[in-house]
Amino acid sequence: VILADDHGIFLQGVTSLFAGMEGFQVIGSASAGWPALEKIRETRPDIAVIDAAMPDIGGIEVIERALADEGCRTQFILLTMFTHPQILADAKAAGARGCISKKDASRELRAALKNTADSAAAFFVSESLRPMQHRIETGEIVGLTPRERDLMKGIADVLTNKEIASELGISVRTVDAHRGRLMKKIGARNTADI
């Protein structure tokens, strides 16, 4: 297992949880996203437990970049202190096998690791995040892709489709397509709704 978290004391605490855990061994740790990605690429761990928010790149981006590498078999668990449902949707969309609230880590890390090691198991969600998972499953919260979030930011900044297209390096037609999917996902009827 590789661990990554920018809070040194929390990282030490999580590392110490492995002392009495049979079948799992910490082979490396990092306090930022880029070093975590490098360690994952170098050591090819079975599992990586990654903090969602780090100073350089966050856990979601680390997961997406690692899984884009050919032959990457690492399974990912995202650690978060956030309680917004979007973090679960983003973790799942990025390819994580589970998401644990930092406040649940000491109680649920072992269960999350065992769940993740079982490739047939469902996406693991720690206890304090389960109400948010229900909101996603019922359609109350819909996960947006990174591109859809970029588009929303452009719309919020009152940019035209042409300006958004230029900023994102895509065509106006592609912006129109993304806008249509975005509006459908969130139930928006117009730009003001978005």
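What counts, and where the lines are drawn
- Residues numbered from 1 in each chain as written.
- Predicted model: local features only at pLDDT ≥ 70, side-chain atom pairs only at ≥ 80, totals over all residues.
- Heavy atoms only, no water.
- Helix = DSSP H or I, 4+ residues; strand = E, 2+ residues; numbered from the N terminus.
- Pairing = 2+ DSSP bridges.
- Axes fitted to C-alpha atoms, helices over the stretch in contact; angles between N-to-C directions.
- Parallel < 35°, antiparallel > 145°, perpendicular 65-115°, else oblique.
- Left-handed = near helix turned anticlockwise from the far one by under 90°.
- Contact = heavy atoms within 4.5 Å.
- Nonpolar A, V, L, I, M, F, W, Y, C, P; charged D, E, K, R; others polar.
- Buried < 20%, exposed > 50% of the residue type's maximum accessible area, 1.4 Å probe, protein only.
- Polar contact = N/O pair within 3.5 Å; in protein donor to acceptor, adjacent residues only side chain to side chain.
- 1 Å grid on protein atoms, 1.4 Å probe; cavity = no way out; pocket = protein on both sides within 12 Å on 5 of 7 lines; lining within 4 Å.
- Points joined across faces, edges and corners; volume = space filled by probe spheres on them.
- Core = buried A, V, L, I, M, F, W, Y, C linked by side-chain atoms within 4.5 Å.
- Disulfide = S-S within 2.5 Å.
- Phe/Tyr/Trp six-rings, centres within 6.5 Å; stacked < 30°, edge-to-face > 60°.
- Lys NZ or Arg CZ within 6 Å of the ring centre and 35° of its normal.

Peer 1: Help me understand unusual backbone geometry, please; the structure alone is not making it clear to me.
Peer 2: Only a minority of non-glycine residues have a phi that is not negative, and only a minority of peptide bonds are not trans. Its identity is not glycine, yet Arg44 carries a phi of approximately 50°, on the positive side. The residue Arg44 is located in the loop between helix H2 (33–43) and strand S3 (47–51) in this model. The phi dihedral of Val158 falls on the positive side, at around 60°, and the residue is not glycine.

Peer 1: Would you mind showing me how to read the sheet that holds strand S4 (residues 75–80) here?
Peer 2: With parallel pairing, six strands are arranged side by side in an open sheet as S2-S1-S3-S4-S5-S6. Only two strands of the sheet have a single partner each, and these edge strands are strand S2 (28–30) and strand S6 (124–125). Both S4 and strand S5 (residues 98–101) contribute to a ladder of four bridges, which runs parallel. Residue Leu78 lies in a different strand from S5, and its bridge partner there is Cys99.

Peer 1: Please explain the packing of helix H1 (residues 8–17) against helix H5 (residues 105–117) as it appears in this structure.
Peer 2: Each pair of packed helices gets described by two things: the angle between the helix axes and the distance between those axes. At a closest axis distance of 10 Å, the pairing of H1 and H5 adopts a crossing angle of 50°. With respect to their mutual orientation, H1 and H5 come out oblique. When you trace H1 past H5, the crossing you get is right-handed. Residue-level contacts link Phe10, Val14 and Leu17 of H1 to Ala105, Ser106 and Leu109 of H5. When grouped by side-chain class, the residues that make up the contact of H1 with H5 number five nonpolar, one polar and no charged.

Peer 1: Help me understand the side chain of His178, please; the structure alone is not making it clear to me.
Peer 2: Secondary-structure assignment places His178 in helix H9 (residues 172–186). With relative accessibility at 14%, the residue His178 sits in the buried group. At 3.0 Å, the side chain of His178 and the side chain of Arg181 are in polar contact. If we ignore the near neighbours within four places in the chain, the residues touching His178 are Arg147, Leu151 and Ile170.

Peer 1: Sorry, what's going on with empty space enclosed by the protein here?
Peer 2: Rolled over the atoms, a probe as big as a water molecule pinpoints where empty space is left. Following the criterion strictly, the structure yields two cavities of 30 Å³ or more and no others. In terms of lining, the second largest cavity is formed by Ile40, Arg41, Arg44, Asp69, Cys72 and Thr74. Counted by class, the lining of the second largest cavity contains two nonpolar, one polar and three charged residues.

Peer 1: What should I look at first to understand the nonpolar core in this one?
Peer 2: Soluble globular proteins tend to pack their nonpolar side chains together in the buried interior. Judged by nonpolar contacts, the single largest core of 28 residues is most densely connected at Ile40, Ile50, Val62, Phe76, Leu78, Leu88 and Phe123. Elements represented by at least two residues in this core include exactly strand S1 (2–4), H2, S3, helix H3 (59–68), S4 and helix H4 (85–94). Ignoring any residue separated from it by four or fewer positions in sequence, one finds Leu78 in contact with Ile50, Asp51, Ala52, Gly59, Ile60, Ile63, Ile87, Ala91, Gly98, Cys99 and Ile100. The next biggest cluster of nonpolar side chains, apart from the first, holds 17 residues, and it includes Val14, Phe18, Ile47 and Leu109.

Peer 1: Hey, could you run me through the state of the cysteines in this one?
Peer 2: Note: disulfide means a covalent bond formed between the sulfur atoms of two cysteine side chains. Within the structure shown, the criterion is met by zero disulfides. There is no disulfide at Cys72, and the cysteine sulfur nearest it, in Cys99, is 18 Å away. You can call Cys99 buried: its relative accessible area is 0%.

Peer 1: Looking at this model, I keep getting lost on the packing of aromatic side chains. Mind explaining?
Peer 2: Geometry of an aromatic ring pair is reported as the spacing of the ring centres plus the angle between the planes. The final tally for this structure, using the stated rule, is zero aromatic pairs. One residue, Lys102, lies across the ring of Phe10, its end atom 4.8 Å from the ring centre.

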